[in-house]
Structure formats: C-alpha cells, structure tokens
Amino acid sequence: MTTETERARRSVFGSFLRTVRRDKLALGGAVGLAGISFVAIVTPWVIGYDPSTTNLALMLQPPSMEHPLGTDRYGRDILLRIVVGARTSLFVASLGVGIATVIGVALGSISGYYEGVVGESIMRVADTVFAFPALLLALSLVAVLGQHQYNVIVAVGIVYWPIFARITRGSVLSVKQKDFVQASQSIGERDYRIIFGEILPNVTAPIIVQATISLAVAILLESALSFLGLGVPPPDPSWGRMLAESRDFMTQAPWWTIAPGMAIVVTVLSLNFVGDALRDALDPQQEDMLEDER
C-alpha cells in the first residue's frame, strides 16, 4: 500500500519533471549535471593512462584530434585532466555540503524546537561563523589543518553549516506550531521522535534546494582554494589549480585557461538551474499556478 510519504515524493518528482520539461534552462542544467556526473564517475575507471603523466615532447600542443583540448606545459592532456578534475570537485563539494547539511539540520532542529538559551546559543555560534567571509575562513582552516583533500571537505562543512541551521530553525519554528506536533507533545511523545519523525519530514523542501545551491558555491570555494595553492594537493587534477598553472601562458596557450574555466562555469550554472527547478517543484504556490495555467 502506498504511504502518504511515498505519494508526496512521487508528486514532487513529477512536479520537478514538469518544471524541467517546461523550462529549457532547467532541462539544460539537468542534462549538463547528469553528463558531468556520469563522466566524472565513469571515465577515471576506463582511461588508459595516468592524467598526471608528463611528456615534454607534447608541451603546449593546441587542440587536435589526439588532444581535443590541447596539452599543458608538461604535455598532459587537458581534456583528461578536466574530466578527472570534475570527479575531485564533485567529491569535495558533495561531501563538504553533506557534512554541512547534517550539522546544520541537527543544530537548527534543536535550536528551533527548544528555543530559549539552547536555541539562542546555537544561533550565536552560527552568527559568529557568518561574521567571517567564507573564503577567508576556509583559507584559515585549511592553513591550520594542512593541505589535503579531506581538510578541504572539513573546511567546506564548517563554512556552510550555519546556512542550513538558519533555514532549518526557521522552518521548525513554523512547523512545531502545527496541530499534529502539539498533539504528539500532548500524549508525551519523546522529543527526538517528534523532531525526526514529525517535524523534519515536513521541512525538507528548503533544505534540498539550499543543498543544491550550496553545491555550486562549494565548487567555487574548492576551485578558489586550489587556485590559491591551498586546495587539493598535486598531482591530483583540480580545476582551480589548472587555472593557476595556466596564468603565465594565457596568450601562448589560451586553451589551457579556457578549458577549466568553462568547466567551472558549466557545472555551477547547471547546479543553479537545477536548484531553481527544484525550488519551483517544491513550492506549492508555484504548483497551484501551473495547475491554473493548465
């Protein structure tokens, strides 16, 4: 028997598909994101050689049939490094945003449900984190923790958890006033059951949308850290470090700069378009407007 939750999920999925079919930008974003994710996951397993292998005889070769995006100063294939770099960026961003989501949702739920001293204390900590520019805070954390892929992930999680805490707190404050929550409280239901069983399932929409948008911002943050030399350490390919390495060859080998720059732009735009489509699909008012139009 289909449960109410399953029917709600199918309704949201159907609304998302309708939004994607109607909006060409959303469709392009979904296709682009699916393609980038597929290439990032599959290609590193099937490539025939190490993308970090150097061949000075092929240095700064322009785009050709053999090397569609040309080669860099070490003779490495840029297309292959872009593809492997996509895996790095998506892995770091996804795991970092995942950590931020878990921490932010947990603390935001506690802050919104209990309010008082506990809730205010949590939000003052979040405000303190917000007081620092994201890039500056991430730079400081990575400088202290050391240059490593997992330290970048930790930095992303610490930088962005307050966003999810604020969104979750606001939603919990609204939902906990509903009759079904007060009914659970009146019969003595345990707080953790009310929070995770009654409230959180009803506040997932803004969290999902924010997670999609935060993925795009996290990719930019990881690229910025790598560009500044504090991101994913070599020899692993990174879009940000590829941009940094190509700075001195912008006139001699512009393809080296254009390729990672376009990879960042396409990925971030795809995530933003998908995030907009999810926002429309999860907005009941938007759905009502679509029904009226039909």
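This one's a predicted model, so the numbers in the text were calculated from it and none came from an experiment.

Undergrad: Which residues make up the packing of helix 3 (residues 78-114) against helix 4 (residues 116-130), and what values go with them?
TA: For the pair helix 3 and helix 4, the least separation of the axes is 7 Å and the interaxial angle reads 145 degrees. For the element pair helix 3 and helix 4, the recorded crossing hand is left-handed. Between helix 3 and helix 4, the contacting residues are Leu-107, Ile-110, Ser-111 and Tyr-114 on the first element and Gly-116, Val-118, Gly-119, Ile-122 and Met-123 on the second. Among the residues forming the contact of helix 3 with helix 4, the class breakdown is six nonpolar, three polar and no charged.

Undergrad: Provide a residue-level description of the pattern of salt bridges, including the pertinent values.
TA: Under the definition given, this model contains seven salt bridges. Of the charged contacts in the structure, one is a salt bridge between Arg-124 and Asp-127, with a shortest N-O distance of 2.7 Å. On the criterion of helical spacing, the pair formed by Arg-124 and Asp-127 is a turn pair, its members being three residues apart in helix 4. Judged by relative accessible area, which is 42%, Arg-124 ranks as partly exposed.

Undergrad: Which residues make up the side chain of Asp-77, and what are the values?
TA: Within the secondary structure, Asp-77 is located in the loop between helix 2 (24-46) and helix 3. For the buried Asp-77, no salt bridge exists, and the shortest N-O distance to an oppositely charged side chain is 8.6 Å, to Arg-81. A distance of 3.3 Å separates a polar atom in the side chain of Asp-77 from the backbone nitrogen of Leu-79. A polar contact of 2.8 Å, which involves the side chain of Asp-77, links it to the backbone nitrogen of Leu-80.

Undergrad: Can you break down the confidence of the model for the protein chain residue by residue, with the values?
TA: Of all residues in the protein chain, 87% have pLDDT values of 70 or greater, and the mean over the chain is 82. Between the elements of the protein chain, mean pLDDT differs from a low of 42, seen in helix 12 (residues 284-293), to a high of 92, seen in helix 6 (residues 149-175). Throughout residues 1-5 the model reports pLDDT below 50, and contacts reaching past four residues in sequence, or to other chains, amount to three contacts. Residue range residues 285-294 is modelled with pLDDT below 50. Its contacts to residues more than four positions away, or to other chains, number seven contacts.

How each quantity is defined
- Each chain carries its own residue numbering, running from 1 in the direction its sequence is written.
- Residues qualify for local features only when their pLDDT is at least 70, as the model is predicted, and side-chain atom pairs are given and counted only at 80 or more; totals for whole chains, interfaces and linings, by contrast, use all residues.
- The side-chain numbers reported here are obtained from all heavy atoms of the structure, hydrogens and water having been left aside.
- Only the contacting stretch of a helix is used when fitting its axis, a line to C-alpha atoms as for every element, and angles between N-to-C directions run 0 to 180 degrees.
- Every helix listed is a DSSP run of H or I at least four residues long, and every strand listed is a run of E at least two residues long, numbered separately from the N terminus.
- By convention the crossing between two helices is left-handed if the near helix lies anticlockwise of the far one by an angle smaller than a right angle, and right-handed if it lies clockwise.
- Contacts are assigned to residue pairs with any non-hydrogen atoms lying within 4.5 Å of each other.
- In this classification, the charged set is Asp, Glu, Lys and Arg, the nonpolar set is Ala, Val, Leu, Ile, Met, Phe, Trp, Tyr, Cys and Pro, and all remaining amino acids, among them Gly, are polar.
- Salt bridges, as used here, are contacts in which a Lys or Arg side-chain nitrogen is within 4 Å of a carboxyl oxygen on Asp or Glu.
- A simple rule labels every residue: compare its accessible area, found with a 1.4 Å probe on the protein chains alone, to the largest value its type can have, and call it buried under 20%, exposed over 50%, or partly exposed in between.
- The charged-residue count follows a simple rule in which Lys and Arg add positive charge and Asp and Glu add negative charge, with His and chain termini not counted at all.
- Between N or O atoms, a polar contact is any pair within 3.5 Å; within protein, one atom must be a potential hydrogen donor and the other a potential acceptor, and residues adjacent in sequence are included only when both atoms are from side chains.
- Across the chain, each position has a pLDDT score giving the predictor's confidence in that residue, from 0 to 100.

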